[in-house]
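# Fold and geometry: a report
Residues per chain, in single letters:
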Amino acid sequence: MNLTPNFKDYELIDSGEGEKLERFGRYTLRRPEPQAVWRKSLDEREWQRLADASFLRTDRSEERGEWRNKPQMKDRWNIHYDYKAMHLTMRLACTAFKHIGIFPEQAANWNFVYDTCRSKIEGKGAKPKVLNLFAYTGGATLAAAAAGAEVTHVDSVKQVVTWSRENMGSSSLDGVRWIVEDALKFVQREVRRGNRYDGIILDPPAYGRGANGEKWVLEQNIAEMLEACAELLAEDGFLVLNLYSMGLSSTIARTLVHQMFGTPAKEEFGELFFTDRAGKELPFGTFYRMERKTNKN
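To start, this report covers the structure provided alongside it.

What counts and how
Residues numbered from 1 in each chain as written. Predicted model: local features only at pLDDT ≥ 70, side-chain atom pairs only at ≥ 80, totals over all residues. Heavy atoms only, no water. Pairing = 2+ DSSP bridges. Helix = DSSP H or I, 4+ residues; strand = E, 2+ residues; numbered from the N terminus. Contact = heavy atoms within 4.5 Å. Axes fitted to C-alpha atoms, helices over the stretch in contact; angles between N-to-C directions. Parallel < 35°, antiparallel > 145°, perpendicular 65-115°, else oblique. Left-handed = near helix turned anticlockwise from the far one by under 90°. Core = buried A, V, L, I, M, F, W, Y, C linked by side-chain atoms within 4.5 Å. Buried < 20%, exposed > 50% of the residue type's maximum accessible area, 1.4 Å probe, protein only. Right-handed = clockwise from strand over helix to strand, strands pointing away. Polar contact = N/O pair within 3.5 Å; in protein donor to acceptor, adjacent residues only side chain to side chain.

## Structural notes on the sheet that holds strand β9 (residues 129-133)
Read across the open sheet, the eight strands follow the order β1-β16-β17-β15-β12-β9-β10-β11; overall the sheet is mixed. Lying at the two open borders of the sheet, with one neighbouring strand each, are β1 (2-3) and β11 (176-180). Bridge count for β9 against strand β10 (residues 150-155) is five bridges, and the pairing is parallel. Bridging from a neighbouring strand, Leu 133 pairs with Val 154 of β10. Taken strand by strand, helix α3 (residues 139-147) contacts β9, β10, β11 and β12 (197-202), and its axis lies near 170° from that of β10. Seen against the sheet, helix α6 (residues 218-232) touches β9, β12 and β15 (233-243) and runs at an angle of roughly 160° to β15.

Written out as structure tokens, the structure is:
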């Protein structure tokens, strides 16, 4: 499947030659994008005219750099996302690692999380317990909370968890348990405690560091992580897995999940993407979503 969400406060204006031009609410940003290998549709003068802020690399890594902002550009601003009875407000800011506090393509997964949690509440009459790992600024956390779930939000960066809490307050939500810890260590401890969750959301980076310097390498650690998550996920629970590494496809995610969790009752997998004004489709990562079989099946 290829999924693109209906996100009124986001637009991919143009892409190409290793860059993307995006509108987030009232501001337009210019950032590196290694997958945009085609030609731009707008000329350089138009990119310069439209961009309120441009990210410039300060070394050979495309992740770290600095922003060049026009006078009208604010340090912080809010955008909104609406889906059914879910109304989210999220703060954005230009960081030194080109990220701004949101991955807009993930709104397609927020919808899935919201709908699945609502379905479980309506079917069982009880709040599902949802675990969000590598949770960043909490879009999926807020979606689950908006649906009425009890959510545990795990990220190793204290400042990011604080950011997430601000987004919860701005969205008039509550009921989230906040954990600042290495995600793999937390999951392994939860397995030892015998805890179970009705939903698990995994959005791991290609590389990362835990709260105490633990090293995370996606290709090396993802199998161990999924094996532990399989112990935590309840019967008929749901899993959302995102992969941003360019070398890992949704088929790889599917094979991993099948090995660790068994054959699911339902599954969806593919790419998350947006289309720019010229019709060029830019992928923003792969996803895999499933609902687990019960023993009755």
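## What about the packing of helix α2 (residues 107-124) against α3?
Their axes nearest at 8 Å, the elements α2 and α3 cross at an angle of 25°. Classified by the angle their axes make, α2 and α3 are roughly parallel. In this structure, α2 crosses over α3, and the sense of that crossing is right-handed. Taken together, the residues of α3 that come into contact with α2 (itself represented by Trp 110, Val 113, Tyr 114, Cys 117, Arg 118 and Ile 121) are Gly 139, Ala 140, Ala 143, Ala 144, Ala 146 and Ala 147.

## Some remarks on the nonpolar core
If you look at the biggest cluster of nonpolar residues, it comprises 46 residues, and the most contacted ones within it are Phe 24, Ile 102 and Trp 110. Beyond its immediate chain neighbours, meaning those up to four positions away, Ile 102 contacts Phe 7, Phe 24, Ile 79, Met 90, Leu 92, Trp 110, Tyr 136 and Thr 137. Grouped together as the second largest cluster of nonpolar side chains are 33 residues, Leu 184, Leu 218, Cys 229 and Val 257 included.

## Brief notes about the sheet that holds strand β5 (residues 53-57)
Two pairing modes exist for strands in a sheet, parallel and antiparallel, and in both the strands are linked by backbone hydrogen bonds. If you trace the five strands from one edge of the open sheet to the other, you get β2-β3-β4-β5-β6, paired in mixed fashion. The open sheet has two edge strands, β2 (10-16) and β6 (65-69), and neither has a second partner. With strand direction ignored, the average angle separating the axes of adjacent strands in the sheet is 20°. Both strand β4 (residues 27-32) and β5 contribute to a ladder of two bridges, which runs parallel. Its bridge partner being in β5, Arg 30 is matched across the sheet by Ser 54.

## Some thoughts on the pairing of β5
Note on the crossover from β4 through helix α1 (residues 44-50) to β5: the handedness is right-handed. By the bridge criterion, five bridges tie β5 to β6 in an arrangement that is antiparallel. When the bridges of β6 are listed, Arg 57 appears paired with Gly 65.

## A word on the pairing of strand β17 (residues 281-291)
Counted residue by residue, β17 has nine buried out of eleven residues, so it is predominantly covered. For strand β16 (residues 266-275) and β17, the ladder comprises nine bridges, and the chain directions are antiparallel. Bridging from a neighbouring strand, Phe 269 pairs with Tyr 288 of β17. Counting the residues that bridge the hairpin from β16 to β17 gives five residues, and of these Gly 279 lies at a positive phi of roughly 90°.

## Observations regarding the side chain of Asn 132
By the secondary structure assignment, Asn 132 is in strand β9. When its relative accessible area of 2% is taken as the criterion, Asn 132 is described as buried. Here Thr 141 takes part through its side chain, which lies 2.8 Å from a polar atom of the side chain of Asn 132. Beyond its immediate chain neighbours, meaning those up to four positions away, Asn 132 contacts Ala 140, Thr 141, Thr 152, His 153, Val 154 and Ile 201.

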